[in-house]
Amino acid sequence: MTDRAPAASSRKAPEPLQADFIVAGATLIDGTGGPGCPGDLAVRDGRIVAVGAFDHPPGARVIDAAGMALAPGFIDSHTHDDGYLLAHPDMLPKVSQGITTVVTGNCGVSLAPLSRQDIPQPLDLLGPTELFRYPTFRAWIDALADTPAAVNVIPLVGHTTLRVAVMDDTSRAANDAERQAMRALLQEALDAGAFGVSTGTFYPPASAAPTDEIIDVCQPLRGRPGALYATHLRDEADHIVPAMEEALLIGRELDCRVVFSHHKLAGERNHGRSRETLDLISRAAAAQPVCLDCHPYPATSTMLRLDRARLASRTMITWSKGYPAATGRDFSDVMAELGLDDEAALARLAPAGAIYFLMDPADVNRIFSHPLTMVGSDGLPFDPHPHPRQWGTFTNVLRTLVREQRLLSLEAAIHKMTGLAAAQYGLAGRGLLREGYHADLVLFDPANVTDTATFSAPIQASRGIHHVWVNGKPVWDGERTGTERPGQVLSPGNAIPWSQQSE
C-alpha cells in the first residue's frame, strides 16, 4: 500500500457574512408560537441572512436590543386602507403599532374596480369620492406600484364594488348579463394580483344578492390555489349561524378558503354564543379551509344604521355630513339636542358613521383564544373621530390580552399576528424569523408596549414599538415614520392546506 496525499476538499469555504444591520441581544419571537429565545438577527438587501448566534462582520451597524423582543412584522388581516395607502403612504397609524402588511378590500368594498362620483354607503367608508378613479383593478395596483406606501399590501376585490360598478339598481339580484360583467371584472382583478373576493351582504348594496349570485360571480376563484373568500356575514346577531353556513357553502362550492371577518356576536341576547359559532368553525375546519379575524375591542364601527344602534348599549358618531357637530358624540345626546327620535335623527345626520358598543368582552376573549383567529384592525382611516382600533389594535392585544389578562402568551399573540396570518394568506417568505425571509421586522419592549388610542381620543400613536422595518428598510423609529416607502403589493401564493392549518 502506498501513501497518498489527502485529496483536496471540493467543499467551498462559506461566504463571509455581510449585513446592512444587525439587531443584537433581543429575545427572538419567531412567529411560530414557539418559545422566544435570545439571539441576534442580520439583514442584507432586504432579507434576513442570519438568525441566532453568529460572528458579527466588521463594520456592520449593530442595534443593541437588550431587553427588547424582535418579531416578524405584524400582518393586519382586516383593513379598509385601500385609499389611505395612496393618500397617506407613510401609514403612520399602522407602522407605529408594528404593522408591516395590510389586507385591503374587505367587507365587500374595495377601491377598484370603480370610477364614478356617486359613491353609495358603505363604499364611502374607504375615503373621499376623488379616490374612486380606478376603472380596473390593475389601474389601482399600478398606482400602488408607482407610488408605494410604507407597508406591504394583500389586495382583495369587493363584491359590493363589482355590483355598484355594473348594476343600475343594487336592491335586486343581478341578472345574467350583470353577473357575466362582474365575473369579467373579477377575472381581471385576479389576473392583476387580487388574492380573492370579499363580500358584505350585511350592507344595502349587496344584501339583495342571493347565494347563487355570489357563487356564480365568484367562479373565477375556482382552480386558484389558496384563493380567498372573506366575508362580512349577512347577520352577526340573531341569525349568525345560518349566515355562517351560507359562507361555508360558498367556500365549498368555490373550493376556496373562507375568512370570517371581524367575528363577533352582536347584541346582548347573543352574548355567549361564541361557544356555538366557534364550535361550528372548528367542525368546518376539519373538512374545508377556514379561518377568522378579530380585534380586541367590545365595540364595532361602520355606517350609522338603526338596526345596530338599537342593539348597542351605546352609539358614538364618528362622522356626519348632515350634522357635523355630532362627530365624536353619543347618538342619544345628539337626539336629545335635536329633539328627534332615532329615525328622524338618522335622517338628519345621514350619511354618517358610528361606533357601536354591542359585544360581550367574554366573547371577544373566547374568539381570540381560538387557534384559527388572526388579528385584524378593521379601522376606518378617514373617519374624523375613528374607532381607536385604527391606531391601537395590535398594541392593545399586547397590553390587554397578553400582559394584563394573560389570556395569551406573548408568543401565541405574535403567532396570530404573523406566522398564522402569513400561512393562511399563502405568503411566501414572510411571517417568520427565518434565513432567506423578507426582513419585515418589529422591535418592541414587551414589558411596556401599549396602545394610547382611546374612544374619546382615538388618533394617538402607540408606545413601546421602537423600530419597524419593511423589506429591510426603516419605516418607524419609535417616534416618527421613515422617509422610504418600501412596501410591495404582494403576490398570491399557496396557503397552507386545510389538513394542516390547526396543527
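Residues numbered from 1 in each chain as written. Predicted model: local features only at pLDDT ≥ 70, side-chain atom pairs only at ≥ 80, totals over all residues. Heavy atoms only, no water.

**Quick word on the packing of aromatic side chains**
No. 1: Enumeration over the complete set of coordinates arrives at eight aromatic pairs.
No. 2: Ring centres 5.0 Å apart and planes at 20 degrees place the aromatic pair phenylalanine 21 and tryptophan 469 in the stacked group. Of the two residues, phenylalanine 21 sits in strand S1 (residues 21-28) while tryptophan 469 sits in strand S20 (residues 465-470), which places them 448 residues apart along the sequence. Just as phenylalanine 21 is buried, tryptophan 469 falls in that class too. (Phe/Tyr/Trp six-rings, centres within 6.5 Å; stacked < 30°, edge-to-face > 60°. Helix = DSSP H or I, 4+ residues; strand = E, 2+ residues; numbered from the N terminus. Buried < 20%, exposed > 50% of the residue type's maximum accessible area, 1.4 Å probe, protein only.)

**Examining the domain arrangement of the protein**
The figure often quoted for interface size is the accessible area lost as the parts come together.
No. 1: Each assigned domain of the protein is listed with its residue range as follows: domain 1 (73-298 + 359-428) and domain 2 (304-356).
No. 2: If you average the C-alpha positions of domain 1 and of domain 2, the two centres end up 25 Å apart.
No. 3: Contacts between domain 1 and domain 2 engage 16 residues on the former and 13 residues on the latter.
No. 4: Overall, the association of domain 1 and domain 2 removes approximately 1200 Å² of surface from exposure, summing both partners, and the carbon and sulfur fraction of that is 60%.
No. 5: Where domain 1 packs against domain 2, one counts zero salt bridges.
No. 6: Linking domain 1 to domain 2 there are five residue pairs in polar contact (both at pLDDT 80 or more).
No. 7: A per-class count over the side of domain 1 that touches domain 2 returns nine nonpolar, four polar and three charged. (Domains from an automatic or database assignment. Contact = heavy atoms within 4.5 Å. Buried area = accessible area lost by both parts, 1.4 Å probe. Salt bridge = Lys/Arg side-chain N within 4 Å of Asp/Glu carboxyl O. Polar contact = N/O pair within 3.5 Å; in protein donor to acceptor, adjacent residues only side chain to side chain. Nonpolar A, V, L, I, M, F, W, Y, C, P; charged D, E, K, R; others polar.)

**Section: the sheet that holds strand S12 (residues 228-232)**
No. 1: Within the open sheet, the eight strands sit side by side as S6-S7-S10-S11-S12-S13-S14-S18. Their pairing is parallel. Every interior strand has two partners, whereas the edge strands, strand S6 (74-76) and strand S18 (373-375), have only one. Direction aside, the axes of adjacent strands within the sheet are offset by 25 degrees on average.
No. 2: Packing of helix H3 (residues 137-146) onto the sheet brings it into contact with strand S7 (99-104) and strand S10 (152-158), and relative to S10 it is tilted by some 165 degrees. (Pairing = 2+ DSSP bridges. Axes fitted to C-alpha atoms, helices over the stretch in contact; angles between N-to-C directions.)

**Looking at the UniProt feature "domain: Amidohydrolase" (unreviewed entry) in the protein**
No. 1: UniProt annotation of "domain: Amidohydrolase" (unreviewed entry) refers to residues 61-209 and 260-475 when read in the numbering used here.
No. 2: Secondary structure content for residues 61-209 is 32% helix and 22% strand, and the end C-alpha separation is 56 Å.
No. 3: Each end of residues 260-475 is marked by a C-alpha atom, and these two atoms are 30 Å apart; helix forms 34% of the span and strand 19%. (UniProt positions renumbered as here; feature names shortened; annotations may be inferred.)

**Section: the pairing of strand S16 (residues 314-320)**
No. 1: The buried fraction of S16 amounts to six of the seven residues, a majority that puts the element mostly inside the structure.
No. 2: For S16 and strand S17 (residues 352-357), the ladder comprises six bridges, and the chain directions are antiparallel. Its bridge partner being in S17, tryptophan 319 is matched across the sheet by glycine 353.

**Comments concerning the side chain of threonine 418**
No. 1: Summarising the element assignment, threonine 418 is placed in the loop between helix H15 (410-417) and helix H16 (419-424).
No. 2: Setting aside its immediate chain neighbours within four residues, threonine 418 contacts Gly31, Pro72, Gly73, Phe74, Ile75 and Gly431.

**What about the sheet that holds S16?**
No. 1: Taken together, the three strands give an open sheet; going across it, the order is S15-S17-S16, and neighbouring strands pair in antiparallel fashion. Every other strand in the sheet has two partners, leaving strand S15 (299-303) and S16 as the edge strands with one partner each. Going from strand to strand, the sheet's axes swing by 20 degrees on average, the running direction of each strand aside.

**Quick word on helix H13 (residues 361-369)**
Structurally, the α-helix is built with 3.6 residues per turn, so residues lying three or four positions apart point the same way.
No. 1: Buried residues of H13: Asp363, Val364, Asn365, Ile367 and Phe368, and no others.
No. 2: Residues of H13 that are buried sit in contact with helix H9 (274-285), strand S14 (290-294), S18, helix H14 (389-404) and H15.

**Some points on the environment of tyrosine 229**
No. 1: Within the element layout of this structure, tyrosine 229 appears in strand S12.
No. 2: With a relative accessible area of 2%, tyrosine 229 lands in the buried category.
No. 3: In contact with tyrosine 229, not counting residues within four places along its chain, are Val197, Thr199, Ile214, Ala247, Ile250, Cys256, Arg257, Val258 and Val259.
No. 4: Here threonine 199 takes part through its side chain, which lies 2.9 Å from a polar atom of the side chain of tyrosine 229.

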